[in-house]
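# Observations on the model geometry
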Amino acid sequence: MEIELSFQVPLPISCGAQGRISSSVPLEFPFCSLGVLPLIVSLCSSEKCLALSTPPTFSIIQTTISTEGMPQTLSSTSMFTPCGFSPHLHTSKEDEQGGLIFQDGNLTSASLDALIQHLIPTTDYYPEKAYIFTFLLSSRLFIEPHELLSRVCHKCIEQQRLDDPVLDKARIRKFGPKILQLLTEWTETFPYDFQEERMIGHLKDMIHRIAPCDEAYWKKMNQLLQTLNQKLATLSHGQEGIVKISAAVSDKLVAFKSKPPSIQREILSVCSDPYTLAQQLTHVELERLSHIGPEEFVQAFVHKDPLDGTKTCFSEQKKTSNLEAYVKWFNRLCYLVATEICMPAKKKQRAQVIEFFIDVARECFNIGNFNSLMAIISGMNMSPVSRLKKTWSKVKTAKFFILDHQMDPTGNFYNYRTALRGAAHRSLTAHSNREKIVIPFFSLLIKDIYFLNEGCANRLPNGHVNFEKFLELAKQVGEFITWKQVECPFEQDPNIIHYLHTAPIFTEDGLYLASYESESPENQTEKDRWKSLRSTILGKT
C-alpha cells in the first residue's frame, strides 16, 4: 500500500501557449564552490520570498541538576520537541548573576565567558542537553572548538582544584561523571571536531587528572575514545565510498544523437520504473546527508568577530566538504535530468523521458524527498529543455504543473513549506522508517540557516551574544539532524546508484547544442548560438 502525503493543491500556475512551464528557473547554474555559497540566497530569493518564516518556540531554561551518578543522555529526537525543550528538563528561579541575562526564566543573552561558564559542570550542576548542543553549535562563530575545550578544561582544573598535590577524592567522584558526560556528548554530536589532535589532547589531559580518584575513569576514557574512533572511521569510510564525480564533461556526446542508441546508455535502459528510481534517489540523498555534520551549517558562513577583527574563526580551510558535496549532487541531478531529456534523437522518446521524470518527481514528493523533487523540476525547467515545444506538445503536463506549483517560490516557498510541515508531522507520528523520511529542499534550508547565522554572529550593543538567535539556529539544525539519521527502508540497487553518480552529463552549452540539434533554432539569436556551439564543441561549421 502506497503512503502519500495528502495536501490540498491549488490550481496550477499559468503556462505558455504550448502548455509548458516558463523557461526561467532559479537553479539553472551550479553553485558548487563554497566561495559562492552565499549566492544560494539569491537562488531562492525574490521580493516575495526573502522573509523567513517565524521560528517555532524554543528556549533555554535555567536549570540546576543535582545527581550523584552519570547524567543521562537524551537522544537528539527527544532533545527537541514541537513545543520547545525536552520535558525532562527542570526550571528554577530567574538568575541574572555571572553575566547571564534571563527573561521570563529563559536565557536570552550573555557574554561569551558567561556562556562558557554555563557549559561547565560542577559537583552539583550539569547543563541541560539542549544548552550543550546549542552552545557547541553556535559558539564556533566566536571561538574555535579546540580553544573552547581548552578553556573549559582550564576552568575545570581551577574550580575543582585538580592541580592540588592531594586531590579531594569525594569531590572528584561527584564531578568526574559529569565532565565525562559532557565530553561524551561533545564527541557524539560533533565528532568531526575531534579530528584535530589538539582536541584529543585536551580530552585525555582532563581524564588523566581525574582518573587517580577512580580507576573506572580509565575504562570510561578508553570506551569514549574507542567509540569516537569507530565513528570517525565509519564517517571517513562512508565519504570515501561516495563515488567521486569527474569534473570532465561530455559535450561531445551530442555527436551520438545521429548514431545507434546503444553507444550511449540512457536512464530508461537502467531503470524503467519511476517508483524504483525515486527510491534509489532517496538512498543517495540519505547517504550524503548522513555525512553532513551539524557544525558545517555554521562553519560555511563564519566571518570576523567584530570584537576580534584580527582573525576569523576557522581561519584555516573551512570544514564544510560534506555540505559542499551535497550541493554538487543537487546540481548534478539537475543536469542529469536535462541531459537525459535532450539526448534522444526522436521527439517521442524525449516526451517519454519527460513523463518518466514527472512520475519519478511525484513519487519523490510522496516519499518526502523534496531535494530530488526540486532537482528534477529544475532540470525540466532549464531553458534548453523548456524550449523544446514540439516535444512538450506530446507530454501530458497536468501532473507536472501540480508538482511545479508545489515548489513555486511565491510567498517564500509557501506551498513547499506547507508540504514540508506535513511530512515532518508524519515523521513524528511514524510507525515505519518509510514514514519517517523527510529530505528538505537543501538550498532553501541553507538560505534559511544563512540568515540565522547572520543573526547569531551579530553581537548586541552591550557586547553580549544574542542567545535567542542561537536557539533559533539550534532548532533548525536539530530538526535536520533528526531527519538525516533515518535509515533508508528501500532495497539498494547498485547499478542504478552507479549510473546516477557516473552517467555523463552536458554542460550548459552542451545542453543548448543538444536542444538545437533536437529542435531547430527559432530565431536569429538561437541560430547564431547554434552555429557557434557546433563550431566550438563539435568542430563543425
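Here's what I pulled together on the structure shown here.

A separate point is the overall build of the protein. Scanning the protein for helices and strands turns up 24 helices and 7 strands. Split into buried and exposed, the 541 residues of the protein put 55% on the buried side. Put simply, 80% of the contacts in the protein that link residues at least 6 apart link residues at least 24 apart. Only carbon and sulfur atoms are counted for the fraction: they give 51% of the accessible area of the protein, which is about 24400 Å².

This paragraph deals with the sheet that holds strand S4 (residues 106-110). One open sheet holds the 3 strands; their spatial order is S3-S4-S7, and the pairing between them is antiparallel. Whereas interior strands pair on both sides, the edge strands pair on one side only; in this sheet they are strand S3 (100-103) and strand S7 (465-466). Looking at chain direction, S4 and S7 are connected through 2 bridges and run antiparallel. Its bridge partner being in S7, Ser109 is matched across the sheet by Asn466.

Pairing is possible between side chains of opposite charge, provided their charged atoms come close. As enumerated under the stated definition, the model contains 17 salt bridges in all. In this structure, Glu196 and Arg198 form a salt bridge, with 2.6 Å as the shortest nitrogen-oxygen distance. Linking Arg434 and Glu363 is a salt bridge whose minimum nitrogen-to-oxygen distance equals 3.1 Å. Linking Arg434 in helix H19 (residues 433-436) with Glu363 in helix H13 (residues 347-367), this pair joins segments that are 71 residues apart in sequence. For Arg434, a relative accessible area of 15% translates into the label buried. A relative accessible area of 3% places Glu363 in the buried class.

Below, the discussion takes up the environment of Ser393. With respect to the secondary-structure elements, Ser393 resides in the loop between helix H16 (389-392) and helix H17 (398-406). Sequence spacing of Ser393 and Ala351 is 42 residues, and the spatial spacing of their C-alpha atoms is 8.4 Å. Of the polar contacts made by the side chain of Ser393, one reaches the backbone oxygen of Lys390; its length is 2.6 Å.

Once that is clear, we can look at the nonpolar core. Formed by 148 residues in total, the largest nonpolar core has its most connected members in Leu277, Phe297, Phe357 and Phe442. Counting residues per element, this core draws most heavily on helix H12 (residues 321-342), at 13 residues. Contacts of Phe357, omitting those with residues within four sequence positions, involve Ile267, Leu277, Val337, Glu340, Ile341, Ile376 and Met380. In this structure, Tyr512, Leu533, Ile537 and Leu538 belong to the second largest nonpolar core, which totals 6 residues.

When you tally the buried positions in S4, you get 4 out of 5 residues, the bulk of the element. For S3 and S4, the ladder comprises 4 bridges, and the chain directions are antiparallel. In the sheet register, Phe102 faces S4, and the bridge partner there is Leu107. Linking two consecutive strands that pair antiparallel, namely S3 and S4, is a turn of 2 residues; a positive phi of about 55° is found at Asp104 within it.

In the contact formed by helix H23 (residues 508-518) and helix H24 (residues 524-538), the axes pass within 9 Å of each other and the chain directions differ by 115°. Considering only the axes of H23 and H24, their crossing is left-handed. Residues Asp509, Gly510, Tyr512, Leu513, Tyr516 and Glu517 of H23 pack against Glu526, Arg529, Trp530, Leu533, Arg534, Ile537 and Leu538 of H24. Of the residues that constitute the contact of H23 with H24, the class distribution is 7 nonpolar, 1 polar and 5 charged.

Right, let's talk about the packing of helix H10 (residues 274-289) against H13 for a bit. Interhelical geometry of H10 versus H13 gives an angle of 55° and a closest axis separation of 8 Å. Between H10 and H13, the angle is such that the two are oblique. The handedness of the crossing between H10 and H13 is right-handed. On H13, the residues touching Pro274, Tyr275, Leu277, Ala278, Gln279, Leu281 and Thr282 of H10 are Phe356, Phe357, Asp359, Val360, Arg362, Glu363, Cys364 and Ile367.

A word on the environment of Tyr416. Among the structural elements, Tyr416 can be located in helix H18 (residues 410-428). Assessed through its relative accessible area of 3%, Tyr416 is described here as buried. Between the C-alpha atoms of Tyr416 and Phe370, which are 46 residues apart in sequence, the distance is 8.5 Å. If sequence neighbours within four positions are ignored, Tyr416 has contacts with Phe370, Gln406, Met407, Pro440, Phe441 and Leu444.

Turning to the packing of aromatic side chains, a few remarks are in order. One pass over the full model with this rule turns up 20 aromatic pairs. Considering the side-chain rings of Phe330 and Phe441, the 5.9 Å spacing of their centres and the 35° angle between planes classify their relative orientation as tilted. Taken together, the residues span a long stretch of sequence, with Phe330 in helix H12 and Phe441 in the loop between H19 and helix H20 (442-457) at a distance of 111 residues. A single burial state applies to Phe330 and to Phe441, both of which are buried. Summarising the aromatic geometry, the rings of Phe356 and Phe357 are spaced 5.6 Å apart at their centres and angled 65° between planes, so their arrangement reads as edge-to-face. Taken as a pair, Phe356 and Phe357 share a single burial class, namely buried. Clustering of aromatic rings is evident, with ring pairs tying together Phe330, Phe365, Phe370, Phe413, Tyr416 and Phe441. Positioned above the aromatic ring of Phe190, the side-chain terminus of Arg140 is 5.0 Å from the ring centre.

Before going further, it helps to examine H13. In this model, H13 (21 residues) spans 30 Å end to end at C-alpha, consistent with the 30 Å of a helix rising 1.5 Å per residue. Just downstream of H13 lies Gly368, where phi reads positive at about 105°.

What follows covers unusual backbone geometry. Of note, the phi angle at Asn412 is positive, near 55°, even though the residue is not glycine. For Asn412, the position within the fold is in helix H18. We classify Asn412 as buried; its relative accessible area is 7%. Look at Phe413: it is not a glycine, yet its phi comes out positive at around 55°. Summarising the element assignment, Phe413 is placed in helix H18. Since its relative accessible area comes to 1%, Phe413 is described here as buried.

We now examine helix H5 (residues 145-159). Residue pairs three or four apart in sequence face the same way in an α-helix, which turns once every 3.6 residues. Compared with the 21 Å implied by 1.5 Å per residue over 15 residues, the 21 Å span of H5 between its first and last C-alpha is a close match. Here H5 has its buried residues at Pro145, His146, Leu148, Leu149, Val152, Cys153, Cys156 and Ile157. Buried residues along H5 sit against helix H3 (112-119), helix H4 (129-138), helix H6 (169-189) and helix H7 (197-210).

So, how was this worked out
Residues numbered from 1 in each chain as written. Predicted model: local features only at pLDDT ≥ 70, side-chain atom pairs only at ≥ 80, totals over all residues. Heavy atoms only, no water. Helix = DSSP H or I, 4+ residues; strand = E, 2+ residues; numbered from the N terminus. Buried < 20%, exposed > 50% of the residue type's maximum accessible area, 1.4 Å probe, protein only. Contact = heavy atoms within 4.5 Å. Areas by Shrake-Rupley, 256 points an atom, 1.4 Å probe, with all protein chains shown as cover. Pairing = 2+ DSSP bridges. Salt bridge = Lys/Arg side-chain N within 4 Å of Asp/Glu carboxyl O. Polar contact = N/O pair within 3.5 Å; in protein donor to acceptor, adjacent residues only side chain to side chain. Core = buried A, V, L, I, M, F, W, Y, C linked by side-chain atoms within 4.5 Å. Axes fitted to C-alpha atoms, helices over the stretch in contact; angles between N-to-C directions. Left-handed = near helix turned anticlockwise from the far one by under 90°. Nonpolar A, V, L, I, M, F, W, Y, C, P; charged D, E, K, R; others polar. Parallel < 35°, antiparallel > 145°, perpendicular 65-115°, else oblique. Phe/Tyr/Trp six-rings, centres within 6.5 Å; stacked < 30°, edge-to-face > 60°. Lys NZ or Arg CZ within 6 Å of the ring centre and 35° of its normal. Expected span 1.5 Å × (residues − 1).

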